Structure formats: C-alpha cells, structure tokens
Amino acid sequence: MIDTHCHLDEYPDLAAVVRGLESAGVTTVAVTSFPSAFVRLRDRVRGQRRVRIALGLHPLHAAALPDAEWRLFDRFLDQTSYVGEVGLDFSPQGIATRPAQERAFRRVLQAVAGRGKFLSIHSRRAEEAVLEALNAYAAAPAVFHWYSGSLRSLDRVLAAGHYCSFNPAMVASARGRTIIAHVPRDRVLAETDGPFVRVVGRPAAPPDVSVVYRHLARQWQEEVSIVVDQLRWNLLALIRPEGAADLTTTSLTPNCIIPSRNLP
Ligand code: MN
C-alpha cells in the first residue's frame, strides 16, 4: 500500500514510524511544509527505501517565506520527483494572505512546469483558483489531497486530468464518502495526512492508509488486493505515463481499470 501524503517530520518518534513502514509494507510520500524541512528530513531518513521525500511549501507558510527558503526550493527541486504540500488555502485561516499565496503558488508552478513532478496539492476553499493556476502552467496532472470542495468543482478537476488522494478522515465523514464515490477508479490514490488526521483517537500513521483501501474495496465490491493493484497502477500512470502503457499489457490484474492520463 502507498500513503501519498504524510507529514513524517511531524511525528515525535520518526524512527518508530519508519520501522512501522517496513513491518506493514507501506511506502509513503513524506510531504514537507517548507524547503528547510525537506533538507532536514532528507538527512534523517536517507537510504530508507519506503520513504519518498517531497519538497513542499504549505500555503499557510508561503505568504511570509524568507528568501533563504526560496533559494533552498530552487536548489533542491532537482533532487526529488515529489513536490508537496503546495497549493492555496482560502479558509478563514488563510484568506488574509491570499495574494501572497497566489504569488508563491505561481512561482512554484513555474519552477515545476514540464518537469514531470508528482504534485500533492492543498486546495481548501480554493479549488477553482488552484485549478486555474494549474491550467495556466499546464501542470496537469496533479493530486488533489483531501479534496473538500463542491462536486461541481470536482468534475472540473477530473475533466482537467487530475487525481484525488483520500484519507481516513474522509472515509469517516458522510461528505468525504460522497466525494470518494464521485471519483473514477483510475483517478484515486490514498493517503493518511498523518499525524494531523486521527484514527481511533490517536494520530494516524502510514499503515492506517489501509482504512482507505478497505473502504474502496467495499465501495467497488472488490478484494483489497485489487484495490492495491489499481492504486499502484494509478500512481505509475501518473509518474511514468510513458511506461504505464507497457505495464498494463503485461501483468495487469483483470479487475483493474487501465489508467489513462485523460489529459484535456
Ligand atoms: Mn497535509
């Protein structure tokens, strides 16, 4: 199983979480909130095969980012295929810094455009603005992490070729389950957003991504193993679109839907 959005650097005992990845057989995309956090985490988990570290710039930090952080962003972008968490946040927490967030997000998109990066996107109360910015820089396809906007905007997100990653908090809420049910099988990824999302009263850890896999299995009326295959193909189609076509002809599980990029 793959957890495509987890804040590994926010756990008090990182080593224990990394050991948990090995024993559960879970791989995680460790998103970061600013570039110096990427550099620190990289030094702490170097050589761990189940961790992919994403270079991030959280919208709630983006407004007041020192130049030194921007220099780190530019310097380390080539060292990872994963970028996140980036995006826009127009909730009450973020609305005051909207113009600065938009400038920062556009600067990020300009830097990543055409470089084939995996993009984990924060879009709270800003779905349409995020979509517009992605379109402007031809950054598709990206992954909308914890999408919480309208179904109408979600249709536009999907029509533009993007993916969604679902977490246990979405599975636990009626609204979240409606959103999950709305997304086609070949656009789905799973995440925990740990440790911020909680599962049975404690902070979620990457192995809790199984909650999402089990929910999808029930919704699709498939075995969990089919969901595991489907989400692996989806990620491959996203990060290696040219290679995914070959893979599908060789060993694709019959019940998987062949992922296509569905670009606009
Ligand atoms: Mn997050």
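Conventions adopted
Residues numbered from 1 in each chain as written. Predicted model: local features only at pLDDT ≥ 70, side-chain atom pairs only at ≥ 80, totals over all residues. Heavy atoms only, no water. Core = buried A, V, L, I, M, F, W, Y, C linked by side-chain atoms within 4.5 Å. Buried < 20%, exposed > 50% of the residue type's maximum accessible area, 1.4 Å probe, protein only. Contact = heavy atoms within 4.5 Å. Donors = N, O, S within 2.8 Å, 3.2 Å for Na, K, Ca; no water. Helix = DSSP H or I, 4+ residues; strand = E, 2+ residues; numbered from the N terminus. Pairing = 2+ DSSP bridges. Right-handed = clockwise from strand over helix to strand, strands pointing away. Salt bridge = Lys/Arg side-chain N within 4 Å of Asp/Glu carboxyl O.

1. Section: the nonpolar core
Logical step 1: Ranked by size, the top nonpolar core spans 79 residues in total, and within it L8, F105, L119, L134 and F166 carry the most contacts.
Logical step 2: Here F166 is in contact with I179, I180, V183, V188, L189, A190, E191 and V212, once residues within four sequence places are set aside.

2. So, the coordination of the manganese ion
Logical step 1: The protein atoms that coordinate the manganese ion are H5 (NE2), H7 (NE2), E85 (OE) and D193 (OD), at distances spanning 2.2 to 2.3 Å.
Logical step 2: Each donor residue of the manganese ion lies on one chain, and together they are spaced H-x1-H-x77-E-x107-D. Of this pair, H5 sits in strand β1 (residues 2-6) while D193 sits in the loop between β8 (188-190) and β9 (198-199), and the two are 188 residues apart along the sequence. Each member of the pair, H5 as well as D193, carries the same accessibility label: buried.

3. Thoughts on the pairing of β1
Logical step 1: A large share of β1 lies buried, amounting to 5 of its 5 residues.
Logical step 2: Here 3 bridges tie β1 to strand β2 (residues 27-30), and the two strands are oriented parallel to one another. Within the sheet, the bridge partner assigned to C6 lies in β2 and is A30.
Logical step 3: For the crossover from β1 across helix α1 (residues 14-24) to β2, the handedness is right-handed.

4. Some details on the pattern of salt bridges
Logical step 1: With the rule as written, the count across this model stands at 11 salt bridges.
Logical step 2: Residue E102 pairs with R98 through a salt bridge whose shortest N-O separation is 3.7 Å. Note that E102 and R98 are positioned in helix α5 (residues 98-112) at a spacing of 4 residues, about one turn of the helix.
Logical step 3: The network of salt bridges with common partners includes E22, R49 and R50.

5. What to know about helix α6 (residues 127-136)
Logical step 1: Within α6, burial applies to E127, A129, V130, L131, A133 and L134.
Logical step 2: Of the surrounding secondary structure, the elements contacted by the buried residues of α6 are α5, β5 (118-122), β6 (143-145) and α7 (151-159).

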